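What follows is the residue order along each chain.
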Amino acid sequence: SPSTRRRVLEAIKALEYQPNKAAQMLVTQRTSTLGVITYGTSFYGPAHMMVGVEKAAKVAGYRLLYYNLENASPDEIHSLVDSLGGHTVDGIVIICPVQSPIYADLERGLQGLPMVSVGGALGSQQSSVIIDQHLGSRLATQPTRWCTRQ
């Protein structure tokens, strides 16, 4: 009833009640957390992409866990797969500025966990976002862009 709801909401406010995140995760089977795996963060592109992913995740109500691969060695990837093996995240975003076999290695190790790659190979079976550098360059250098004043 509306009066019961009102009393419950008043009690929540008076007691400064905060929901228990662990209990919510058990009920919903969701962590509201995404894993972001990066390689090449010393480059401008991947570092800038991390900022964009973080902003979008925050708007969508997600927290992020960052994993930076130093050299993408098999041991490092195996360790990462082990740490994510318990599915402590709802999904994975992979940011890698170069074509690398780490996509296949991670996909095999994290089967069943949703993944999307930023900068993946065109035509890949994996969900990916691809930045078209060639089209961007052509559009930026079109003569009409330089001659038109507004």
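Described in the following lines is the structure provided in the data block.

Reading the values: rules and limits
- Residues numbered from 1 in each chain as written.
- Predicted model: local features only at pLDDT ≥ 70, side-chain atom pairs only at ≥ 80, totals over all residues.
- Heavy atoms only, no water.
- Helix = DSSP H or I, 4+ residues; strand = E, 2+ residues; numbered from the N terminus.
- Expected span 1.5 Å × (residues − 1).
- Buried < 20%, exposed > 50% of the residue type's maximum accessible area, 1.4 Å probe, protein only.
- Arc of directions from axis to C-beta.
- Salt bridge = Lys/Arg side-chain N within 4 Å of Asp/Glu carboxyl O.

### Focus on helix α1 (residues 2-15)
Taking 1.5 Å per residue as the helical rise, α1 with its 14 residues ought to reach 20 Å, and the 20 Å between its terminal C-alpha atoms agrees with that figure. Once α1 finishes, E16 follows within two positions and takes phi at roughly 50°, a positive value.

### What to know about helix α4 (residues 74-84)
Regarding α4, the residues found buried are E76, I77, L80, V81 and L84. Looking straight down α4, one finds its buried side chains confined to an arc of 135°; they lie on one side. Of the exposed residues in α4, the ones pointing more than 90 degrees away from its buried face are P74, D75, H78 and D82.

### Considering the pattern of salt bridges
Pairing between side chains becomes possible if they bear opposite charge and their charged atoms approach one another. Counted under the stated rule, the structure contains one salt bridge. Across the pair R6 and E10 runs a salt bridge whose closest N-O atoms are separated by 3.2 Å. Pair noted here: R6 and E10 are both in helix α1, with a separation of four residues, about one helical turn. Judged by its relative accessible area of 45%, R6 falls in the partly exposed class.

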